[in-house]
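# Topology and contacts: notes
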Amino acid sequence: MILKHFARKYLREEVLPSTFCPGCGLGIIINCFLKAVEELGYSNLNDFIFCSGIGCTAWIPSPHFKADSIHTLHGRAVAVAFGVKMVRPEHHVVVFGGDGDIAGIGIGHLIHAAKRNLEIVVIMANNFTYAMTGGQLSPTTPFESLTLTSPYGNIEKPLDVVKVIDAAGASFAARWTTYHIIPLIRTIKTAIKKNGFSFIEVVSQCPTIYGRRAGFKSAYDMLKYFKEHSVPIEKAKNMSDEELKDKFVVGIFVDREKLGFTSLYKQVINKARVKL
Amino acid sequence: MSELDKVFVDEKLCKGCGICINICPYHVFTVKDELKGIVTPIGQDKCTQCGICEIYCPDFAIAIVPKKGM
Ligand SMILES: Cc1ncc(C[n+]2csc(CCOP(=O)(O)OP(=O)(O)O)c2C)c(N)n1
Ligand code: SF4
């Protein structure tokens, strides 16, 4: 008997081995997502529609998932997901994107979808860089970090995307790293079940493009760094900015009960029909 | 390969990143092919079937027989 990895029943065998570099965190994100799907009782991905833009992360659903997916323009995955959700509200619509795709070029769409509390799940892999195009500075690159376009260190402070989502009023926002597989699986399950906009940032290792420049020796080296530099949100509340300088605050940041866009849309249509 | 095996590695999918070697608390994996870094299980009997390596393996190359009753 040869046993196969659990995720392979959801993946297209013909595209394996994946296109990702050895040790890339994107494979761990795939595993956590598909474990959550399995634990929720789905034996296939027929109830899901995936949207992604351009970048290494955007390759997660297309071509890897045995599912319907749209691989669209850089930064526009959330906008396309909006359209998909409006015509297929009964499906789970899930967006995968990198920090550049979601929080750089696509941040306008992201904020508005969060503000409207559209019932989709957005999973942003934060590898601190524009990996696919060679490692330029991204909105989430840490302060003083070395990248292709900041060879003397980044002089910008990184954008806290989870806080942006919170301010926009979405239902759910969380941050974990690829080290935190168990809480990440649990969080993805909550996000899929949530009737509102759900955002999950996953700090992920890119050993090839970001890691090498930033001085990491291996993928495991980066996982270890994530473990040692993560602080749970409850503990972070009592820490100063100076103490949190090189830390990732992880946990569930936002969990609100409020109606999502498609249910409010249905209500307004029903109201208008009665008037007619 | 025996009936009692709990750990399976698909050598066609393993890219030799080495995460499993470092993450497994019981040191079940070792490098088989020095050039490509492909791993093989050396400690079938040591494996507790916790399954974390299956999630940490970014290349869907490892499979662990689920614990009975799970
Ligand atoms: C409109 C547009 N601008 C720029 C690009 C070039 N481009 C391709 S991928 C990418 C960035 C990818 O970075 P990110 O979204 O963080 O994903 P990663 O590769 O890091 O996973 C850019 C700028 C493009 N394809 N389209
Ligand atoms: S360049 Fe980085 S993010 Fe892209 S596949 Fe390679 S390791 Fe992963």
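Report follows, based on the coordinates. Sequence order as written defines residue numbering, which begins from 1 separately in each chain. Starting at A for chains and at 1 for ligands, labels are handed out in the order in which the entities are written. Owing to the predicted nature of the model, reporting of local features is limited to residues with pLDDT of at least 70; listing and counting of side-chain atom pairs is limited to 80 or more, with chain, interface and lining totals taken over all residues. To get the side-chain values, take all heavy atoms of the structure and skip hydrogens and water.

What follows deals with the pairing of strand 1 (residues 48-52) of chain A. All names here are of chain A. Burial analysis of strand 1 places five of its five residues in the buried class, the great majority of the element. Residues Phe48, Phe50 and Ser52 point to one face of strand 1 and Ile49 and Cys51 to the other, with burial holding for every one of them. Summarising the sheet, strand 1 and strand 3 (residues 92-98) pair through five bridges and their orientation is parallel. From the neighbouring strand, Ser52 faces strand 3, where its bridge partner is Phe96. Paired strands, in this sense, are two strands between which DSSP finds at least two bridges. Counting from the N terminus, the helices are the DSSP runs of H or I reaching at least four residues and the strands are the DSSP runs of E reaching at least two. Strand direction decides the pairing type here: strand 1 and strand 2 (residues 68-71), joined by four bridges, are parallel. By the bridge assignment, Phe50 is partnered in strand 2 with Ser69. Burial classification: accessible surface area is computed with a 1.4 Å probe over protein chains only, and a residue below 20% of its type maximum counts as buried, one above 50% as exposed, and the rest as partly exposed.

Any two residues whose heavy atoms approach within 4.5 Å at even a single point are treated as in contact. Across the contact, 23 residues belong to chain B and 32 residues belong to chain A. Throughout this description, the term salt bridge denotes a Lys or Arg side-chain nitrogen within 4 Å of a carboxyl oxygen of Asp or Glu. At the boundary of chain B and chain A, one finds one salt bridge. Two residues, Asp10(B) and Arg8(A), come together in a salt bridge whose shortest N-O distance is 2.9 Å. Identification of polar contacts relies on pairs of N or O atoms within 3.5 Å, with a donor-acceptor requirement for protein atoms, meaning one able to donate a hydrogen and the other able to accept it, and with residues adjacent in sequence counted only if both atoms are side-chain atoms. Connecting chain B to chain A are ten residue pairs in polar contact (both at pLDDT 80 or more). With four residues, helix 2 (residues 52-56) of chain B is the largest single contributor of residues to the side of chain B that touches chain A. The nonpolar class holds Ala, Val, Leu, Ile, Met, Phe, Trp, Tyr, Cys and Pro. Asp, Glu, Lys and Arg form the charged class, and all remaining residues, Gly among them, are polar. Grouping the constituent residues of the side of chain B that touches chain A by class yields 17 nonpolar, one polar and five charged.

What follows concerns the sheet that holds strand 10 (residues 248-255) of chain A. Residue and element names in this part refer to chain A. Across the sheet, eight strands lie side by side as 2-1-3-4-8-7-10-9; this open sheet has mixed pairing. The two strands at the open ends of the sheet, each matched to only one other strand, are strand 2 and strand 9 (230-232). Adjacent strand axes in the sheet meet at a mean angle of 20° when their direction is disregarded. To get an axis, fit a line to the C-alpha atoms, keeping to the stretch in contact for a helix; angles then go from 0 to 180 degrees between the N-to-C directions. Helix-sheet contacts for helix 6 (residues 181-193) involve strand 1, strand 3, strand 4 (121-126), strand 7 (172-177), strand 8 (198-203) and strand 10, and the interaxial angle to strand 7 is about 160°. Against the sheet, helix 8 (residues 219-228) makes contact with strand 7, strand 8, strand 9 and strand 10, and its axis sits at roughly 35° relative to strand 9, the strand it touches most.

All names here are of chain A. If you walk through the whole model with that rule in mind, you get 16 salt bridges over all chains. A salt bridge links Arg256 to Asp166; the nearest nitrogen and oxygen atoms lie 2.5 Å apart. Linking Arg256 in the loop between strand 10 and helix 10 (261-275) with Asp166 in helix 5 (residues 161-168), this pair joins segments that are 90 residues apart in sequence. Residue Arg256 is classed as partly exposed on the basis of its relative accessible area, which comes to 29%. A residue is classified by how much of its surface remains accessible, and Asp166, at 29% relative accessible area, is partly exposed. For the salt bridge of Lys194 with Glu257, the shortest nitrogen-to-oxygen distance reads 3.0 Å.

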